[in-house]
Number of protein chains: 2
Amino acid sequence: MGCSLKDIAEDLKLSKTTVSWVLSGNGNRRNISIETQELVKKRAREMNYEPNLLAKSLSKGITHTLGLIIPSISDLFYAQIAKAIELEAWKNNFSVIFCSSESDPQKEFDLIRMLKQKQVDGLIIAPTKKNDNQIKQLIVEKYPFVLFDRYYPNLNTNYVIINNEESAYNVVKRVIAEGRRKIAIITTNSYLLLMKMRYNGYKKALEEAGIKVDENLLIEVNVTDYENELNKVLYELLSHYPDIDGFFFTTHILAIETIKYLYKHFDNVTKRFGFACMHEEPLLHVLAPNLKIARMPVQEIGQMAASILIEEITMKQEGIIKESEKVGIVLKSTIIE
Amino acid sequence: MGCSLKDIAEDLKLSKTTVSWVLSGNGNRRNISIETQELVKKRAREMNYEPNLLAKSLSKGITHTLGLIIPSISDLFYAQIAKAIELEAWKNNFSVIFCSSESDPQKEFDLIRMLKQKQVDGLIIAPTKKNDNQIKQLIVEKYPFVLFDRYYPNLNTNYVIINNEESAYNVVKRVIAEGRRKIAIITTNSYLLLMKMRYNGYKKALEEAGIKVDENLLIEVNVTDYENELNKVLYELLSHYPDIDGFFFTTHILAIETIKYLYKHFDNVTKRFGFACMHEEPLLHVLAPNLKIARMPVQEIGQMAASILIEEITMKQEGIIKESEKVGIVLKSTIIE
DNA sequence: ATGAAAGCGCTAACAG
DNA sequence: CTGTTAGCGCTTTCAT
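From a predicted model like this one, the values you see are computed outputs, not experimental measurements.

The rules we used
- Residues numbered from 1 in each chain as written.
- Chains lettered and ligands numbered in written order.
- Predicted model: local features only at pLDDT ≥ 70, side-chain atom pairs only at ≥ 80, totals over all residues.
- Heavy atoms only, no water.
- Helix = DSSP H or I, 4+ residues; strand = E, 2+ residues; numbered from the N terminus.
- Rg over C-alpha atoms; globule rule 2.2 N^0.38 Å.
- Buried < 20%, exposed > 50% of the residue type's maximum accessible area, 1.4 Å probe, protein only.
- Contact = heavy atoms within 4.5 Å.
- Areas by Shrake-Rupley, 256 points an atom, 1.4 Å probe, with all protein chains shown as cover.
- Lys, Arg positive; Asp, Glu negative; His and termini not counted.
- Charge placed at Lys NZ, Arg CZ, Asp CG, Glu CD.
- Pairing = 2+ DSSP bridges.
- Axes fitted to C-alpha atoms, helices over the stretch in contact; angles between N-to-C directions.
- Phe/Tyr/Trp six-rings, centres within 6.5 Å; stacked < 30°, edge-to-face > 60°.
- Core = buried A, V, L, I, M, F, W, Y, C linked by side-chain atoms within 4.5 Å.
- Near = heavy atom within 4 Å.
- Polar contact = N/O pair within 3.5 Å; in protein donor to acceptor, adjacent residues only side chain to side chain.
- Nonpolar A, V, L, I, M, F, W, Y, C, P; charged D, E, K, R; others polar.
- Least-squares fit on C-alpha atoms with pLDDT ≥ 70 in both.
- Domains from an automatic or database assignment.
- Buried area = accessible area lost by both parts, 1.4 Å probe.
- Salt bridge = Lys/Arg side-chain N within 4 Å of Asp/Glu carboxyl O.
- Parallel < 35°, antiparallel > 145°, perpendicular 65-115°, else oblique.
- Left-handed = near helix turned anticlockwise from the far one by under 90°.

1. Some words on the overall build of chain A
Within chain A one finds 14 helices and 12 strands. Taken over the C-alpha trace, chain A has a radius of gyration of 26 Å; the compact-globule value for 337 residues is 20 Å, which it surpasses by more than 25%. Considering only C-alpha atoms, chain A reaches an extent of 85 × 40 × 30 Å along its principal axes. Taking all 337 residues of chain A together, the buried fraction comes to 53%. Residue pairs at least 24 apart in sequence account for 66% of intrachain contacts in chain A once pairs closer than 6 positions are excluded. As displayed, chain A has an accessible area near 15,300 Å², and 49% of this comes from carbon and sulfur atoms. Treating the 43 positive side-chain charges of chain A as one cloud and the 43 negative ones as another, the clouds have centres 3 Å apart.

Next up, the structure:
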């Protein structure tokens, strides 16, 4: 169906080389006569020629494709970042294969492997695992990649994260400033460093205000089943400690579910409770106007991650090996109240 | 870095052919001795062999990659469908390159072209254009693809859509049943067939209830700038027709923005107005408990689209050409009140 | 039971 | 200015 370089060459009684030069835009640099160039281009158009990028990639050793691995593309936070990544990639003539790891280490492993086999030029990963040999392996192989959202502080990698501790601190501080004293923290995946940091921020804010940190007000739920789990856990929490007057949510998903729950079971929700959460969700602020939000700079996260990666790929491609000059970026959230 | 078939073959003093047979799992079928098979596999493991899928694809003519083109991956509706597509693809050993067209016909065009050049085995598209030559071209070329969300009724293609008219009708009917009589419709992209269908459903519900359809209550906004536009337009609408007592939104985005606006400018929003909208958004229902929703079967849409496409690709691959036996699927929404 | 060789569609060093 | 040739890594027909 599709015609190839060879077809054009034969048709024109030229060599594949010549045709290749002009069609890949190197006609002038290679001193192909203008007439020949025009001829080839014209014929290519007539024959509806489309280059086979697969063949080109195999030959040149670059696919102009990135691999993106995130917990789930249907999570708005990651979807927004994915969008920014895609845009930046498109600007640079890259496309992206997107993969949801489902927070499953095994699937993450398989995905990375598959993407490497498909010869993507680089990876952007929000890793799920605590300590990862595969990541170390990537480093050893000098495979270009950048981590975001989560990272490994003791590994020398590119990464883009946000100021988690500070954000949490700022937002909880504002809830305290409203006069709330008994603030519960709802969290998940606490084995992740970023969650620890958010907890630390929460703690710091309380301590600074002279409030004792109460372990009983720390609630952790399992992400995979939070809808059910939260209902149960919140019920217990609020019956044992009916004087709770505030919540800090370490993710927007937890905020959504909890506020839903509260609306179902309490009146005057926003009078009774103060709220703080990480990441903005469109309607949350309407529902709880007193909510303090640390808004994530999603565009920047995606844009930075992609451009850092593409930069590294390009360098590598051109043989410029700037050994171990990895870039780590910490972006700031915006506090909304 | 990575080693190839050839390396293993040389190392083992075997031919590439033999190594290829066993590593691609065809050892038995090709009568390679068990010992040789074990030997090869062992050595491959030791040498950390990973197949180059690019080369394999070029050779076999199948990439096991799909292209997905949607208006925007950061739109929750599309993100959910994308997730379902990805899952179904993964099950069948396919991966997917995702592309946001930004509702820009030119970008859509370029994306389809690029994906074809990258030799994706098939496309899943939520097309933006009214009438599309490129789509017709795909048909001529027998390029596997499936449309969803939007489609071209006069073209013989695979498609997966929902019962737009009926959904709109059902949901508006319920608002009327609550006693609302002056129901405005907020819509966008009315050139799209699916929007026309939703409008028809709205109209049908009104007419059936003996309510005159008032053109002045039909508001269309431009998606690309709806935040600003909506504010202005709603202000005017509500000053001219202060007795409006209900809204039907043809997309969840419009619902979100409008309800935000209403909460800012009115008290007793849910007493004063009845609401109906297409597609579910988590918090909307909490904010407006009287909202009638036509919930889209996002999982099914994605799952169906992907499996239809993969089915067709597989058929084509195996040379089974079931000429023009395209499948069109109309899924039903679920009404929530 | 295994291998030689051509081919997928493109690039690029080298020749002339 | 243009062509020859080998090669990217894998598959597959046809020999042996």
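Further notes follow.
2. Some details on the sheet that holds strand β12 (residues 334-336) of chain B
Residues and elements named next belong to chain B. The strand order across the open sheet built from 6 strands is β7-β6-β8-β9-β10-β12, with neighbouring strands paired in mixed fashion. In this open sheet, the two strands that pair with only one neighbour each are β7 (218-221) and β12. Each adjacent strand pair in this sheet contributes to an overall mean axis angle of 15 degrees, direction not counted. When strand β10 (residues 291-295) meets β12, the two strands line up antiparallel, connected through 3 bridges. The partner of isoleucine 293 across the bridge, within β12, is isoleucine 336. Lying on the sheet, helix α8 (residues 164-177) is in contact with β6 (183-188), β8 (246-249), β9 (274-278), β10 and β12; it crosses β9 at an angle near 170 degrees. Strands β6, β7 and β8 of the sheet are contacted by helix α10 (residues 226-240), whose axis makes an angle of about 160 degrees with β7.

3. Considering the packing of aromatic side chains
Taken as a whole, this structure holds 23 aromatic pairs over all chains when the rule is applied. Both rings, one in Phe98(A) and one in Phe98(B), keep their centres 3.9 Å apart while their planes meet at 45 degrees; by these two values the pair is tilted. You can see Phe98(A) sitting in strand β2 (residues 95-100) and its partner Phe98(B) sitting in strand β2 (residues 95-100), one on each of two chains. Accessibility assignment for this pair places Phe98(A) and Phe98(B) in one class, buried.

4. Let's talk about the nonpolar core
Core analysis: the biggest nonpolar cluster contains 163 residues, and Phe247(A) and Phe247(B) have the highest contact counts within it. In this structure, Phe247(A) is in contact with Ile183(A), Ala184(A), Ile186(A), Leu234(A), Leu237(A), Leu238(A), Thr258(A), Leu262(A), Phe273(A), Gly274(A), Phe275(A) and Ala276(A), ignoring residues within four places of it in sequence. Formed by 38 residues, the second largest nonpolar core is a distinct cluster that contains Leu138(A), Ile69(B), Leu138(B) and Tyr152(B).

5. Brief notes about the protein's contact with DNA strand C
Taken together, 25 residues sit near DNA strand C, with Leu5(A), Lys16(A), Ser20(A), Tyr49(A) and Ser59(A) positioned nearest. Here DNA strand C approaches the protein such that, of its atoms within 4 Å, sugar and phosphate make up 65%. Within the backbone of Leu5(A), a nitrogen or oxygen atom sits 2.6 Å from a phosphate oxygen of DNA strand C. Measuring from a base nitrogen of DNA strand C, one finds a side-chain N or O atom of Thr17(B) at 2.8 Å. Secondary-structure elements contributing two or more residues to the surface near DNA strand C are α2 (16-23) and α4 (53-60) of chain A together with α2 (16-23) and α4 (53-60) of chain B. A class-by-class count of the residues in the surface near DNA strand C yields 8 nonpolar, 12 polar and 5 charged.

6. Notes on the relation of the copies chain B and chain A
Of the transformation superimposing chain B on chain A, the axial component is 0.0 Å and the angular component is 180 degrees, with the fit at an RMSD of 0.0 Å. What we have between these two chains is a two-fold relation. The rotation axis passes nearest to the C-alpha of Ile97(B) in chain B, at a distance of 2.1 Å. Most of the interface of chain B is mirrored in chain A, where 100% of its interface residues again form contacts.

7. Focus: the domain arrangement of chain A
All names here are of chain A. Structurally, chain A comprises domain 1 (5-51), domain 2 (63-162 + 299-330) and domain 3 (164-295). Of note, the centres of domain 2 and domain 3, computed from C-alpha atoms alone, are 30 Å apart. Between domain 2 and domain 3, a total of about 990 Å² is buried, with carbon and sulfur atoms accounting for 59% of that surface. Ranking the residues of domain 2 by area buried against domain 3 places Leu76, Arg150 and Ile162 at the top, with a combined share of 40%. There are 0 salt bridges connecting domain 2 and domain 3. Summed over the shared surface of domain 2 and domain 3, the number is 2 residue pairs in polar contact (both at pLDDT 80 or more).

8. Digging into the sheet that holds strand β6 (residues 183-188) of chain A
Residue and element names in this part refer to chain A. Here we have 6 strands laid out as an open sheet, ordered β7-β6-β8-β9-β10-β12, and mixed in their pairing. Edge positions in the open sheet fall to β7 (218-221) and β12 (334-336), since each of these has one partner strand only. The average undirected angle you get between the axes of adjacent strands in this sheet is 15 degrees. Across 4 bridges, the pairing between strand β8 (residues 246-249) and strand β9 (residues 274-278) is parallel. Across the sheet, residue phenylalanine 247 finds its bridge partner in β9, namely phenylalanine 275.

9. A look at the pattern of salt bridges
Residues and elements named next belong to chain A. Per the stated rule, a full pass over the model turns up 34 salt bridges over all chains. The shortest N-O distance in the salt bridge between aspartate 243 and lysine 182 comes to 3.6 Å. With a gap of 61 residues between them, aspartate 243 in the loop between α10 (226-240) and β8 and lysine 182 in the loop between α8 (164-177) and β6 connect regions that are remote in the sequence. A single network of salt bridges, built from pairs that share partners, joins Asp11, Lys42, Arg43 and Glu46.

10. Notes on the packing of helix α1 (residues 5-12) of chain A against helix α3 (residues 34-46) of chain A
Two quantities define a packed helix pair, namely the angle between the axes and the distance from one axis to the other. Residue and element names in this part refer to chain A. Relative orientation of the contacting elements α1 and α3 amounts to 120 degrees, with a least axis distance of 10 Å. Here α1 lies oblique to α3, going by the angle between them. With respect to the hand of their crossing, α1 and α3 are arranged in right-handed fashion. Across the interface between the two elements, Ile8, Asp11 and Leu12 from α1 touch Leu39, Val40, Arg43 and Ala44 from α3. Considered class by class, the residues forming the contact of α1 with α3 number 5 nonpolar, no polar and 2 charged.

11. A few points about the environment of Thr18(B)
Within the secondary structure, Thr18(B) sits in helix α2. Beyond its immediate chain neighbours, meaning those up to four positions away, Thr18(B) contacts Ile32(B) and Thr36(B).

12. Brief notes about the protein's contact with DNA strand D
The immediate surroundings of DNA strand D are formed by 25 residues, with Thr17(A), Leu5(B), Lys16(B), Ser20(B) and Tyr49(B) found nearest. For DNA strand D, the backbone portion of the atoms within 4 Å of the protein, that is sugar and phosphate, comes to 65%. Residue assignment for the surface near DNA strand D shows that the elements contributing at least two residues are α2 and α4 of chain A together with α2 and α4 of chain B. Along the lines of polarity and charge, the residues of the surface near DNA strand D split into 8 nonpolar, 12 polar and 5 charged.

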